[in-house]
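So the chains spell out like this:
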Amino acid sequence: MKKLVVLAIAITAMACQQNKIAFVDSVRVMDEYQEKIDVESRFKIKADAMTKKRDSISQAFQLELQEFQSKAQKMSQNSAQEEYAQLQQRGQFVGQQLQQEEQQLQLTSQTEMDTLVKKVKKEIKEYGKANGYTYILGGGDGGSVLYGEEAHDLTDVILTILNDKYEK
């Protein structure tokens, strides 16, 4: 009888020591996280506006270049070369400005995305601590979980928490 009690205590102790493990499909979380969707949408609008601006400036510059070409035939060679050099210089300057604006937009976008990733990781960590998980692994295309029982998939739970906390 004593052996049975000792065995029961040992089994209970071993059960308490088992790790509680789950996983989250991190790709799906990011794809379906409303704040991330909104951030991407905002930056797409800005990128589209940037493209329109670039196209508009490019068209205006092409028209100016065409006007110069027809005018250049009536100018002296030196005057034509000078004006063409000024046009080229202005074109390069405008191109550089547009490129800097695009790079700044990309940098801002990347910074916001990095902030979102940190927010998601923090939420997963807090959920894990609050619910007694030893490990929560990352799944999906870029994750390390090759197989996991659906019962241990916390993706929907984490998505619900993130989307509920998100204020538009």
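To be clear, the structure that these remarks concern was listed above.
Rules behind the numbers
Residues numbered from 1 in each chain as written. Predicted model: local features only at pLDDT ≥ 70, side-chain atom pairs only at ≥ 80, totals over all residues. Heavy atoms only, no water. Helix = DSSP H or I, 4+ residues; strand = E, 2+ residues; numbered from the N terminus. Buried < 20%, exposed > 50% of the residue type's maximum accessible area, 1.4 Å probe, protein only. Contact = heavy atoms within 4.5 Å. Areas by Shrake-Rupley, 256 points an atom, 1.4 Å probe, with all protein chains shown as cover. Salt bridge = Lys/Arg side-chain N within 4 Å of Asp/Glu carboxyl O. Phe/Tyr/Trp six-rings, centres within 6.5 Å; stacked < 30°, edge-to-face > 60°. Axes fitted to C-alpha atoms, helices over the stretch in contact; angles between N-to-C directions. Parallel < 35°, antiparallel > 145°, perpendicular 65-115°, else oblique. Nonpolar A, V, L, I, M, F, W, Y, C, P; charged D, E, K, R; others polar. Expected span 1.5 Å × (residues − 1). Patch = residues over 30% accessible without salt bridge, like charges linked within 9 Å, V, L, I, M, F, W, Y side chains within 5 Å. Polar contact = N/O pair within 3.5 Å; in protein donor to acceptor, adjacent residues only side chain to side chain. Arc of directions from axis to C-beta.

Novice: I would appreciate a short explanation of the overall build of the protein in the present structure.
Specialist: Across its full length, the protein carries 5 helices and 2 strands. Tracing the protein from N to C terminus, the helices and strands come up as α-β-α-α-α-β-α. By the burial criterion, 21% of the 168 residues in the protein qualify as buried. Long-range pairs, those at least 24 residues apart, make up 83% of the contacts in the protein between residues at least 6 apart in sequence. Accessible surface computed for the protein: about 12700 Å², of which carbon and sulfur atoms make up 53%.

Novice: It is not clear to me how the pattern of salt bridges should be interpreted in this structure. Could you clarify?
Specialist: Where side chains of opposite charge bring their charged atoms close, a pairing between them can arise. Scanning the model with the defined rule gives 13 salt bridges in all. Between K122 and E126 there is a salt bridge, and its shortest N-O distance comes to 3.4 Å. A residue pair is termed a helical-turn pair when its members lie 3 or 4 positions apart in one helix, as K122 and E126 do in helix 4 (residues 77-130) at 4 residues. Judged by its relative accessible area of 53%, K122 is exposed. With a shortest N-O distance of 3.0 Å, E123 and K165 are connected by a salt bridge. Taken as a pair, E123 in helix 4 and K165 in helix 5 (residues 155-165) lie far apart in primary sequence, 42 residues in all. Residue E123 is classed as buried on the basis of its relative accessible area, which comes to 11%. Overlapping salt bridges, with partners in common, bring together R28, E32 and D156 in one network.

Novice: Before we go on, may I ask you to explain the packing of aromatic side chains in this structure?
Specialist: What characterises a pair of aromatic rings is the spacing of the ring centres plus the angle enclosed by the ring planes. For the coordinates displayed, the defined rule picks out 2 aromatic pairs. Between the aromatic rings of F68 and Y84, the centroid separation amounts to 5.8 Å while the plane-to-plane angle is 25°, which identifies the pairing as stacked. With F68 in helix 3 (residues 34-72) and Y84 in helix 4, this residue pair connects regions lying 16 residues apart in the sequence. Taking the relative accessible area as the measure of exposure, Y84 reaches 35% and is therefore partly exposed.

Novice: Would you explain the packing of helix 3 against helix 4 in this entry?
Specialist: Between two packed helices, what matters for the description is the angle formed by their axes and the separation of those axes. Where helix 3 meets helix 4, the closest approach of the two axes is 11 Å, and the angle between their N-to-C directions is 175°. Accordingly, the angle class assigned to the pair helix 3 and helix 4 is roughly antiparallel. In terms of residue class, the contact of helix 3 with helix 4 is made up of 17 nonpolar, 5 polar and 15 charged.

Novice: Explanation requested: helix 4 in the structure shown.
Specialist: An α-helix turns once per 3.6 residues; consequently, residues spaced three or four apart project the same way. Spanning 54 residues, helix 4 covers 79 Å between terminal C-alpha atoms, matching the ideal 80 Å at 1.5 Å per step. Listed in full, the buried residues belonging to helix 4 are A80, L87, L98, L105, S109, M113, L116, V120, E123, I124, Y127 and G128. Contact partners of the buried residues in helix 4: strand 1 (21-25), helix 2 (26-32), helix 3, strand 2 (135-139) and helix 5. The first or second residue beyond helix 4 is G132, which carries a positive phi of 75°.

Novice: Would you mind showing me how to read a nonpolar patch on the surface here?
Specialist: Residues I21, Y135 and L137 make up a contiguous nonpolar surface patch of roughly 260 Å² in combined accessible area. If you trace the backbone, Y135 turns up in strand 2. Its relative accessible area of 44% is what places Y135 among the partly exposed residues.

Novice: How should I be thinking about the side chain of T155 in this particular structure?
Specialist: By the secondary structure assignment, T155 is in helix 5. Exposure remark for T155: the relative accessible area of 0% places this residue in the buried category. A polar side-chain atom of T155 sits 2.5 Å from a polar atom in the side chain of D153. Among all residues touching T155, those that are not within four sequence positions of it are F23, V24, D25, R28 and V29.

Novice: Would you mind going over helix 5 with me for this structure?
Specialist: Residues T155, I158, L159 and L162 constitute the buried set of helix 5. Seen along its axis, helix 5 keeps its buried residues to an arc of 100°; they face one direction.

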